[in-house]
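# Summary of the model geometry
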Amino acid sequence: MAEEDSEFGGFDLGEEEIKTDSQSERVPTGIKGFDELCGGGLLKERSYLVAGNAGSGKSTFAIQYLYNGVTKYDEPGILVVTEEDPKNIRKNMKSFNMDLKELEDQNKLAILDSQSTKIGLPTDEEYVEVNPFDMDSTLKKIVEIKEKIGAKRCVFDSTTSLGFISESQKQLRINFLKLSGTLSAIGLTSMLTAEVTDKEKMSRFDMEEFVTEGTIRLYYERKEGIRTRSIEIYKMRGSDHSKKLNPFEISSSGIEVHPKEEVYF
Ligand SMILES: Nc1ncnc2c1ncn2[C@@H]1O[C@H](COP(=O)(O)OP(=O)(O)OP(=O)(O)O)[C@@H](O)[C@H]1O
Ligand SMILES: [Mg+2]
(Lines give C-alpha, C1' and ligand atoms only; values in the text may rest on other atoms or scores of the structure.)
(Ligands and ions follow the chains in the order given, each with its own letter.)
Protein backbone atom coordinates (compact mmCIF):
# COMPACT_ATOMS: atom_id res chain seq x y z
CA MET A 1 0.00 0.00 0.00
CA ALA A 2 1.42 3.41 -0.95
CA GLU A 3 1.95 5.96 1.76
CA GLU A 4 0.61 9.46 1.52
CA ASP A 5 3.36 12.05 1.52
CA SER A 6 1.95 15.07 3.31
CA GLU A 7 5.00 17.29 2.71
CA PHE A 8 4.74 17.07 -1.08
CA GLY A 9 1.02 16.45 -1.25
CA GLY A 10 1.50 13.33 -3.30
CA PHE A 11 1.58 9.56 -3.37
CA ASP A 12 4.90 7.81 -3.53
CA LEU A 13 4.67 4.78 -5.80
CA GLY A 14 8.37 3.99 -5.90
CA GLU A 15 9.82 5.52 -9.06
CA GLU A 16 6.60 7.39 -9.73
CA GLU A 17 5.16 10.18 -7.62
CA ILE A 18 1.53 11.10 -8.19
CA LYS A 19 0.85 14.70 -7.24
CA THR A 20 -2.42 15.74 -5.72
CA ASP A 21 -3.75 19.20 -4.97
CA SER A 22 -5.91 20.45 -2.16
CA GLN A 23 -8.19 22.35 -4.58
CA SER A 24 -9.84 19.32 -6.12
CA GLU A 25 -12.43 17.42 -4.16
CA ARG A 26 -11.71 13.71 -4.40
CA VAL A 27 -14.14 10.83 -4.35
CA PRO A 28 -12.22 7.77 -3.16
CA THR A 29 -13.20 4.51 -4.79
CA GLY A 30 -12.04 2.64 -1.70
CA ILE A 31 -10.69 -0.05 -4.02
CA LYS A 32 -7.47 -1.25 -2.46
CA GLY A 33 -4.46 0.18 -4.29
CA PHE A 34 -6.41 2.22 -6.87
CA ASP A 35 -6.87 5.66 -5.31
CA GLU A 36 -3.15 6.24 -4.89
CA LEU A 37 -2.77 5.85 -8.67
CA CYS A 38 -4.75 9.06 -9.19
CA GLY A 39 -3.98 11.36 -6.28
CA GLY A 40 -6.60 10.03 -3.89
CA GLY A 41 -9.59 9.21 -6.06
CA LEU A 42 -11.87 10.43 -8.81
CA LEU A 43 -12.72 14.09 -9.19
CA LYS A 44 -16.10 14.89 -7.73
CA GLU A 45 -19.16 15.06 -9.98
CA ARG A 46 -17.40 13.80 -13.09
CA SER A 47 -18.09 10.78 -15.29
CA TYR A 48 -15.46 8.14 -15.98
CA LEU A 49 -15.35 5.42 -18.58
CA VAL A 50 -14.37 1.95 -17.31
CA ALA A 51 -13.43 0.09 -20.47
CA GLY A 52 -12.28 -3.47 -20.93
CA ASN A 53 -12.72 -6.77 -22.70
CA ALA A 54 -15.16 -9.50 -21.64
CA GLY A 55 -14.50 -10.74 -18.12
CA SER A 56 -11.85 -8.09 -17.46
CA GLY A 57 -13.61 -7.02 -14.26
CA LYS A 58 -15.54 -3.89 -15.34
CA SER A 59 -18.74 -4.69 -13.43
CA THR A 60 -16.89 -5.84 -10.32
CA PHE A 61 -14.71 -2.70 -10.31
CA ALA A 62 -17.65 -0.34 -10.80
CA ILE A 63 -20.01 -2.06 -8.35
CA GLN A 64 -17.26 -2.30 -5.72
CA TYR A 65 -16.94 1.50 -6.10
CA LEU A 66 -20.66 1.82 -5.31
CA TYR A 67 -20.53 -0.68 -2.46
CA ASN A 68 -17.55 1.11 -0.88
CA GLY A 69 -19.35 4.41 -1.37
CA VAL A 70 -22.13 3.30 0.95
CA THR A 71 -20.17 1.20 3.42
CA LYS A 72 -17.01 3.32 3.77
CA TYR A 73 -18.02 6.86 2.87
CA ASP A 74 -21.75 7.03 3.53
CA GLU A 75 -22.45 7.96 -0.08
CA PRO A 76 -25.56 6.29 -1.53
CA GLY A 77 -25.38 5.00 -5.09
CA ILE A 78 -27.39 4.07 -8.16
CA LEU A 79 -26.61 1.08 -10.35
CA VAL A 80 -28.19 1.11 -13.81
CA VAL A 81 -28.13 -2.39 -15.26
CA THR A 82 -28.74 -2.59 -18.98
CA GLU A 83 -27.75 -6.10 -19.96
CA GLU A 84 -27.81 -8.37 -16.91
CA ASP A 85 -30.37 -9.65 -14.48
CA PRO A 86 -30.08 -7.65 -11.24
CA LYS A 87 -30.60 -10.91 -9.33
CA ASN A 88 -27.45 -12.38 -10.85
CA ILE A 89 -25.54 -9.23 -10.02
CA ARG A 90 -26.57 -9.54 -6.36
CA LYS A 91 -25.43 -13.18 -6.40
CA ASN A 92 -22.13 -12.34 -8.10
CA MET A 93 -21.34 -9.62 -5.59
CA LYS A 94 -22.29 -11.91 -2.70
CA SER A 95 -19.38 -14.12 -3.79
CA PHE A 96 -17.17 -11.18 -2.75
CA ASN A 97 -19.01 -10.89 0.53
CA MET A 98 -20.73 -7.72 -0.68
CA ASP A 99 -24.41 -7.85 0.18
CA LEU A 100 -26.14 -5.41 -2.18
CA LYS A 101 -29.62 -6.38 -0.96
CA GLU A 102 -28.76 -5.22 2.54
CA LEU A 103 -27.81 -1.77 1.19
CA GLU A 104 -30.94 -1.66 -0.98
CA ASP A 105 -33.09 -2.42 2.07
CA GLN A 106 -31.48 0.56 3.81
CA ASN A 107 -32.28 2.79 0.79
CA LYS A 108 -28.58 3.43 0.30
CA LEU A 109 -28.35 1.63 -3.02
CA ALA A 110 -30.86 1.44 -5.88
CA ILE A 111 -30.61 -0.93 -8.82
CA LEU A 112 -32.44 0.29 -11.90
CA ASP A 113 -33.43 -2.69 -14.04
CA SER A 114 -33.09 -1.48 -17.60
CA GLN A 115 -32.89 -4.88 -19.24
CA SER A 116 -36.11 -6.79 -18.45
CA THR A 117 -38.50 -4.62 -20.47
CA LYS A 118 -35.99 -4.51 -23.32
CA ILE A 119 -36.03 -8.29 -23.71
CA GLY A 120 -39.71 -8.66 -22.79
CA LEU A 121 -39.29 -10.40 -19.44
CA PRO A 122 -41.43 -9.72 -16.39
CA THR A 123 -39.61 -8.30 -13.37
CA ASP A 124 -40.37 -7.76 -9.71
CA GLU A 125 -37.60 -5.22 -9.24
CA GLU A 126 -38.45 -2.05 -7.32
CA TYR A 127 -36.88 0.24 -9.94
CA VAL A 128 -37.64 -0.63 -13.55
CA GLU A 129 -37.03 1.34 -16.74
CA VAL A 130 -40.10 0.76 -18.89
CA ASN A 131 -38.72 2.83 -21.80
CA PRO A 132 -35.20 1.38 -22.05
CA PHE A 133 -34.78 2.66 -25.61
CA ASP A 134 -35.27 6.26 -24.57
CA MET A 135 -32.27 8.08 -23.08
CA ASP A 136 -34.36 10.95 -21.70
CA SER A 137 -36.65 8.56 -19.89
CA THR A 138 -33.71 6.72 -18.32
CA LEU A 139 -32.16 10.00 -17.19
CA LYS A 140 -35.47 11.12 -15.69
CA LYS A 141 -35.62 7.88 -13.75
CA ILE A 142 -32.04 8.37 -12.50
CA VAL A 143 -32.91 11.90 -11.33
CA GLU A 144 -35.98 10.58 -9.45
CA ILE A 145 -33.94 7.87 -7.72
CA LYS A 146 -31.14 10.30 -6.93
CA GLU A 147 -33.59 12.57 -5.14
CA LYS A 148 -35.21 9.68 -3.30
CA ILE A 149 -32.05 8.09 -1.85
CA GLY A 150 -29.69 11.10 -1.89
CA ALA A 151 -27.28 9.35 -4.26
CA LYS A 152 -23.78 10.71 -4.77
CA ARG A 153 -22.43 7.92 -6.99
CA CYS A 154 -23.73 6.22 -10.09
CA VAL A 155 -22.71 3.29 -12.27
CA PHE A 156 -24.11 2.72 -15.76
CA ASP A 157 -23.34 -0.88 -16.79
CA SER A 158 -23.00 -1.09 -19.72
CA THR A 159 -22.97 1.70 -22.26
CA THR A 160 -22.96 -0.78 -25.14
CA SER A 161 -26.74 -0.47 -24.86
CA LEU A 162 -26.48 3.12 -26.10
CA GLY A 163 -25.53 1.69 -29.48
CA PHE A 164 -28.99 0.10 -29.77
CA ILE A 165 -30.86 3.26 -28.97
CA SER A 166 -28.86 5.52 -31.29
CA GLU A 167 -29.51 5.46 -35.00
CA SER A 168 -26.34 7.19 -36.10
CA GLN A 169 -22.83 7.89 -34.82
CA LYS A 170 -23.92 11.49 -34.27
CA GLN A 171 -26.90 10.41 -32.17
CA LEU A 172 -24.71 8.02 -30.22
CA ARG A 173 -22.25 10.76 -29.35
CA ILE A 174 -25.08 13.06 -28.32
CA ASN A 175 -26.57 10.34 -26.11
CA PHE A 176 -23.20 9.70 -24.53
CA LEU A 177 -22.67 13.39 -23.85
CA LYS A 178 -26.18 13.64 -22.46
CA LEU A 179 -25.58 10.71 -20.13
CA SER A 180 -22.19 11.79 -18.80
CA GLY A 181 -23.15 15.48 -18.72
CA THR A 182 -26.46 14.94 -16.91
CA LEU A 183 -24.95 12.65 -14.28
CA SER A 184 -22.33 15.31 -13.53
CA ALA A 185 -24.87 18.15 -13.60
CA ILE A 186 -27.06 16.48 -10.98
CA GLY A 187 -24.07 15.97 -8.69
CA LEU A 188 -23.16 12.34 -9.26
CA THR A 189 -19.65 10.96 -9.61
CA SER A 190 -20.05 8.14 -12.09
CA MET A 191 -18.52 5.16 -13.79
CA LEU A 192 -19.80 4.15 -17.22
CA THR A 193 -18.64 0.74 -18.39
CA ALA A 194 -17.73 -0.02 -22.00
CA GLU A 195 -17.07 -3.36 -23.66
CA VAL A 196 -13.93 -3.23 -25.78
CA THR A 197 -12.78 -6.05 -28.02
CA ASP A 198 -9.53 -4.64 -29.40
CA LYS A 199 -6.53 -4.45 -27.05
CA GLU A 200 -5.39 -1.21 -28.68
CA LYS A 201 -8.73 0.55 -28.24
CA MET A 202 -10.00 2.58 -25.31
CA SER A 203 -13.72 2.30 -26.05
CA ARG A 204 -16.41 0.44 -27.93
CA PHE A 205 -17.54 3.14 -30.35
CA ASP A 206 -14.24 5.03 -30.67
CA MET A 207 -15.52 8.24 -29.14
CA GLU A 208 -16.58 7.59 -25.52
CA GLU A 209 -13.11 8.43 -24.17
CA PHE A 210 -13.47 11.91 -25.67
CA VAL A 211 -16.82 12.70 -24.07
CA THR A 212 -16.02 11.47 -20.55
CA GLU A 213 -13.71 13.10 -18.01
CA GLY A 214 -11.47 10.10 -17.67
CA THR A 215 -10.82 6.61 -18.96
CA ILE A 216 -9.85 3.63 -16.83
CA ARG A 217 -8.84 0.66 -18.97
CA LEU A 218 -8.92 -2.90 -17.67
CA TYR A 219 -6.95 -5.58 -19.51
CA TYR A 220 -7.14 -9.36 -19.27
CA GLU A 221 -4.32 -10.51 -21.52
CA ARG A 222 -2.62 -13.84 -21.93
CA LYS A 223 1.09 -13.80 -21.24
CA GLU A 224 3.23 -16.93 -21.19
CA GLY A 225 0.29 -19.31 -20.87
CA ILE A 226 -1.54 -17.38 -18.17
CA ARG A 227 -3.96 -14.47 -18.27
CA THR A 228 -2.94 -11.45 -16.26
CA ARG A 229 -5.24 -8.68 -15.13
CA SER A 230 -4.00 -5.11 -15.30
CA ILE A 231 -5.39 -1.60 -15.01
CA GLU A 232 -4.36 1.64 -16.69
CA ILE A 233 -5.56 5.16 -16.07
CA TYR A 234 -5.42 6.33 -19.66
CA LYS A 235 -6.84 9.78 -19.06
CA MET A 236 -8.04 11.83 -16.11
CA ARG A 237 -8.84 15.45 -16.88
CA GLY A 238 -7.67 17.83 -14.15
CA SER A 239 -5.55 15.29 -12.29
CA ASP A 240 -2.13 13.74 -12.20
CA HIS A 241 -2.22 9.95 -12.47
CA SER A 242 -0.09 6.89 -12.94
CA LYS A 243 0.99 6.20 -16.54
CA LYS A 244 1.77 2.57 -15.85
CA LEU A 245 -0.13 -0.65 -16.25
CA ASN A 246 -0.59 -1.97 -12.74
CA PRO A 247 -1.57 -5.56 -12.01
CA PHE A 248 -4.74 -6.31 -10.10
CA GLU A 249 -6.42 -9.39 -8.71
CA ILE A 250 -10.00 -10.49 -8.34
CA SER A 251 -10.31 -12.70 -5.26
CA SER A 252 -13.01 -13.60 -2.78
CA SER A 253 -12.70 -10.09 -1.35
CA GLY A 254 -13.11 -8.37 -4.72
CA ILE A 255 -10.60 -6.25 -6.62
CA GLU A 256 -7.20 -5.32 -5.27
CA VAL A 257 -4.74 -3.26 -7.34
CA HIS A 258 -0.98 -3.47 -6.80
CA PRO A 259 0.15 0.14 -7.26
CA LYS A 260 3.89 -0.49 -6.95
CA GLU A 261 4.06 -3.28 -9.52
CA GLU A 262 4.03 -3.04 -13.30
CA VAL A 263 2.79 -5.23 -16.13
CA TYR A 264 4.28 -5.40 -19.64
CA PHE A 265 2.73 -7.04 -22.67
N1 LIG B 1 -15.64 -14.83 -6.35
C2 LIG B 1 -14.70 -14.66 -7.25
N3 LIG B 1 -13.40 -14.89 -6.96
C4 LIG B 1 -12.42 -14.70 -7.86
N5 LIG B 1 -12.64 -14.25 -9.11
C6 LIG B 1 -13.91 -14.02 -9.46
C7 LIG B 1 -15.00 -14.21 -8.56
N8 LIG B 1 -16.14 -13.86 -9.19
C9 LIG B 1 -15.76 -13.49 -10.43
N10 LIG B 1 -14.44 -13.59 -10.61
C11 LIG B 1 -13.69 -13.27 -11.85
O12 LIG B 1 -14.22 -12.06 -12.38
C13 LIG B 1 -14.59 -12.24 -13.75
C14 LIG B 1 -15.83 -11.46 -14.09
O15 LIG B 1 -15.67 -10.12 -13.77
P16 LIG B 1 -16.75 -9.06 -14.25
O17 LIG B 1 -18.09 -9.67 -14.36
O18 LIG B 1 -16.60 -7.89 -13.34
O19 LIG B 1 -16.18 -8.72 -15.67
P20 LIG B 1 -16.82 -7.80 -16.81
O21 LIG B 1 -15.66 -7.09 -17.43
O22 LIG B 1 -17.91 -6.99 -16.25
O23 LIG B 1 -17.38 -8.90 -17.81
P24 LIG B 1 -18.50 -8.74 -18.96
O25 LIG B 1 -17.81 -8.09 -20.13
O26 LIG B 1 -18.88 -10.14 -19.26
O27 LIG B 1 -19.63 -7.92 -18.42
C28 LIG B 1 -14.91 -13.71 -13.86
O29 LIG B 1 -14.76 -14.15 -15.21
C30 LIG B 1 -13.90 -14.33 -12.91
O31 LIG B 1 -12.65 -14.51 -13.58
MG1 LIG C 1 -19.94 -6.79 -16.78
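The residue numbers shown here count from 1 along each chain, following its written sequence. Whichever chain is written first becomes A and whichever ligand is written first becomes 1, with later ones labelled in order. Selection of residues for local features in this predicted model requires a pLDDT of at least 70, selection of side-chain atom pairs for listing and counting requires 80 or more, and totals for whole chains, interfaces and linings are taken over all residues. The basis for the side-chain values is all heavy atoms of the structure; hydrogens and waters are excluded.

This part is about the pairing of strand E2 (residues 10-13). Two strands qualify as a pair provided DSSP detects at least 2 bridges between them. Secondary structure elements follow DSSP: runs of H or I of four or more residues count as helices, runs of E of two or more count as strands, with numbering from the N terminus. Where E2 meets strand E3 (residues 16-19), 4 bridges bridge the pair, whose relative direction is antiparallel. Paired with Asp12 across the two strands is Glu17, which belongs to E3.

Near ligand 1 lie 13 residues; those nearest to it are Gly57, Lys58, Ser59, Thr60 and Arg229. With respect to ligand 1, the side chain of Ser59 contributes an N or O atom lying 2.9 Å from an oxygen atom. In isolation ligand 1 exposes 650 Å². Once the protein is present, 61% of that is buried. Of all the secondary structure elements, the ones that give two or more residues to the shell around ligand 1 are helix H1 (58-73) and strand E14 (245-251). By residue number, the principal contributor to the shell around ligand 1 is H1, which donates 3 residues. In terms of residue class, the shell around ligand 1 is built from 3 nonpolar, 8 polar and 2 charged. Each residue is tested against the molecule or strand, and it is near if at least one of its non-hydrogen atoms lies within 4 Å. Two N or O atoms form a polar contact when they lie within 3.5 Å of each other; inside protein one atom must be a possible hydrogen donor and the other a possible acceptor, and for residues adjacent in sequence the pair counts only when both atoms belong to side chains. All accessibility values rest on the Shrake-Rupley procedure with a 1.4 Å probe; residue burial counts only the protein chains present in the view. Three residue categories are used. Nonpolar comprises Ala, Val, Leu, Ile, Met, Phe, Trp, Tyr, Cys and Pro, charged comprises Asp, Glu, Lys and Arg, and polar comprises the others, including Gly.

This part is about the packing of aromatic side chains. Only Phe, Tyr and Trp rings are paired, with Trp represented by its six-membered ring, and only when their centres lie within 6.5 Å; those with planes under 30 degrees apart are stacked, over 60 edge-to-face, the remainder tilted. Counting across every chain of the model gives 1 aromatic pair. Aromatic pair Phe34 and Phe61: ring centres 5.2 Å apart, planes at 80°, arrangement edge-to-face. With a gap of 27 residues between them, Phe34 in the loop between strand E4 (26-27) and strand E5 (42-43) and Phe61 in helix H1 connect regions that are remote in the sequence. Categorising residues by exposure relies on relative accessible area from a 1.4 Å probe, with only protein chains included: less than 20% of the type maximum marks a residue as buried, more than 50% marks it as exposed, and the intermediate range marks it as partly exposed. Taking relative accessible area as the criterion, Phe34 reaches 0% and is therefore assigned buried. Ring-over charges, as used throughout, are those where CZ of Arg or NZ of Lys falls within 6 Å of the ring centre and within 35 degrees of the ring normal. Looking at Arg227, its charged tip hangs above the ring of Tyr220, at a distance of 5.6 Å from the centre. It is Arg229 that lies over the ring of Tyr220; its NZ or CZ is 4.1 Å from the centre.

Our focus in this paragraph is the pattern of salt bridges. Note on definitions: salt bridges are taken to be side-chain nitrogens of Lys or Arg within 4 Å of carboxyl oxygens of Asp or Glu. A full pass over the atoms with the stated rule returns 17 salt bridges. Between Asp105 and Lys101 there is a salt bridge, with the nearest N and O atoms lying 2.8 Å from each other. Linking Asp105 with Lys101, this pair stays in helix H3 (residues 100-105), spanning 4 residues, or about one helical turn. For Asp105, a relative accessible area of 56% translates into the label exposed. Glu213 is the partner of Arg237 in a salt bridge, and the nearest nitrogen-oxygen pair spans 3.4 Å. Of this pair, Arg237 sits in the loop between strand E13 (226-236) and E14 while Glu213 sits in the loop between strand E11 (189-195) and strand E12 (214-223); the two residues are 24 residues apart in sequence, bridging distant segments of the chain. Owing to a relative accessible area of 34%, Arg237 belongs among the partly exposed residues under this scheme. Owing to a relative accessible area of 23%, Glu213 belongs among the partly exposed residues under this scheme. Via salt bridges that share partners, Lys87, Arg90, Glu104, Asp124 and Glu125 belong to a single interconnected network.

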